[in-house]
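Descriptive analysis of the structure
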Amino acid sequence: MTLSVGPPIRPLTAPPVHPTDAIALFLDLDGTLAPVASTPDAVMADDRRTSVLGALGRVLAGRVAVISGRTLEEIDRIAGDAALAASGVHGLVRRRHDGSLLAALPSPGVAHAVAAFRGFAMDHPGVIVEDKAVSAGLHYRQSPGSEDVARALAREIAVETGLELQPGHMVIELKTPGADKGQALAAFMAEPPFAGATPIMVGDDLTDEAAFQAAVWLGGYGVLVGPMRDSAARHRLKDVEAVLTWLEAIVEARA
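Structure report, in brief. (Residues numbered from 1 in each chain as written. Predicted model: local features only at pLDDT ≥ 70, side-chain atom pairs only at ≥ 80, totals over all residues. Heavy atoms only, no water.)

**Let's talk about the pattern of salt bridges**
The line we're drawing: Salt bridges are identified by distance alone: a Lys or Arg side-chain nitrogen within 4 Å of an Asp or Glu carboxyl oxygen. Helix and strand labels come from DSSP, where a helix needs a run of H or I of at least four residues and a strand needs a run of E of at least two; each type is numbered from the N terminus.
Per the stated rule, a full pass over the model turns up 14 salt bridges. Put simply, Arg48 and Glu241 hold a salt bridge, and the shortest N to O gap is 2.8 Å. Separated by 193 residues along the polypeptide, Arg48 in helix 1 (residues 47–59) and Glu241 in helix 7 (residues 240–254) bring together distant segments of the chain. The salt bridge involving Arg77 is made with Glu74; its shortest N-O contact spans 3.0 Å.

Structure, rendered in structure tokens:
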């Protein structure tokens, strides 16, 4: 699926509190449900986040899913096991509402990318490597001076291996080709309990744009979290606190 990011729709106002019998919610994790931290492991479970995800699952009759670049194991750790339906590694792994799993087979190039990234990290203190089986991530938030050379290395490996380049906030990822967050959202919407609802995707990163577009195509919209930028989103929330407050308002409106 090739997607282009169109001009922003202005003004990006706060999203309304919809009737819970009409919507399906798709939520990014880092920068949306959880603050971005200095390292991936520094993001921990939080009682408020876990509580609101559990409550949303009940009032939306299961029509809530986390769609993240994290692995499913990391999603469960951070969400406190409250995210029954979830998609990890940018759509490459998906857990349906019934608990069944769908996962892409890892490209042989991923192992090469992980090895190359680990070699790079040895020479660049503060750089962190993630092996997600179907993708390799290189985090340089603690080594911002490494950004240019990290991205150059990733581009070189992408050409060598055919892996898909996936940039993010202070991270560059090389992933097995074949899926994105938009395709994950569309797949959820074709299945119960999501089918027939209005999809709303909430996210902060460029990786969420594919899901914003997919939500629009399926009759819904996206909610951008954080500073204003060019986006396919229709609405915007300031930060993680604003997201949680909005989600709590949806729960309370149903109570």
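**Some words on the sheet that holds strand 8 (residues 164–168)**
This is how the line gets drawn: Paired strands, as defined in this entry, are two strands with at least two bridges between them according to DSSP. Helix axes use the C-alpha atoms of the stretch in contact, all axes being lines fitted to C-alpha atoms, and the angles between their N-to-C directions lie in the range 0 to 180 degrees. Any two residues having at least one pair of non-hydrogen atoms within 4.5 Å are treated as being in contact.
Strand order in this open sheet of four strands is 6-7-9-8, and the pairing throughout is antiparallel. Among the strands making up the open sheet, the edge pair consists of strand 6 (128–131) and strand 8. Each neighbouring strand pair of the sheet contributes to a mean axis angle of 15°, computed without reference to strand direction. The strands that helix 3 (residues 109–122) touches are strand 6, strand 7 (135–139) and strand 9 (171–175); relative to strand 7, the one it contacts most, it runs at about 15°.

**Observations concerning unusual backbone geometry**
What counts is decided by this rule: To sort residues, take the accessible area from a 1.4 Å probe on protein chains only and compare it with the maximum for the residue type: under 20% means buried, over 50% means exposed, and anything in between is partly exposed.
Looking along the chain, the bond that leaves Pro192 and enters Pro193 is cis, with omega of 5°. Relative to the assigned elements, Pro193 resides in the loop between helix 5 (181–189) and strand 10 (198–203). Located in the positive-phi region is Ala61, a residue other than glycine, with phi close to 55°. With respect to the secondary-structure elements, Ala61 resides in the loop between helix 1 and strand 2 (64–67). Notably, Met170 is not glycine yet its phi reads approximately 55°, a positive angle. Looking at Met170, the relative accessible area reads 23%, which means it is partly exposed.

**Here's the deal with the pairing of strand 6**
Pairing of strand 6 with strand 7 involves four bridges; the strand directions are antiparallel. From the neighbouring strand, Glu130 faces strand 7, where its bridge partner is Gly137. Between strand 6 and strand 7, which follow one another and run antiparallel, lie three residues, and Ala133 among them has a positive phi close to 70°.

**Overview of the sheet that holds strand 11 (residues 221–225)**
The strand order across the open sheet built from eight strands is 5-4-3-2-1-10-11-12, with neighbouring strands paired in mixed fashion. The open sheet terminates on both sides in strands that have one partner only, identified here as strand 5 (101–103) and strand 12 (235–237). Strand-to-strand twist of the sheet, defined as the mean angle between neighbouring strand axes without regard to direction, takes the value 15°. Running at roughly 160° to strand 2, helix 5 makes contact with strand 1 (23–27), strand 2, strand 3 (85–88), strand 4 (93–95) and strand 10 of the sheet. The strands that helix 6 (residues 209–217) touches are strand 10 and strand 11; relative to strand 10, the one it contacts most, it runs at about 165°.

**A few points about the environment of Gly226**
In this fold, Gly226 is placed in the loop between strand 11 and strand 12. Given a relative accessible area of 9%, Gly226 falls into the buried group. Considering only alpha carbons, one finds Gly226 and Arg236, 10 residues apart in sequence, at a separation of 7.4 Å. The residues contacting Gly226, other than those within four sequence positions of it, are Arg236, Leu237 and Lys238.

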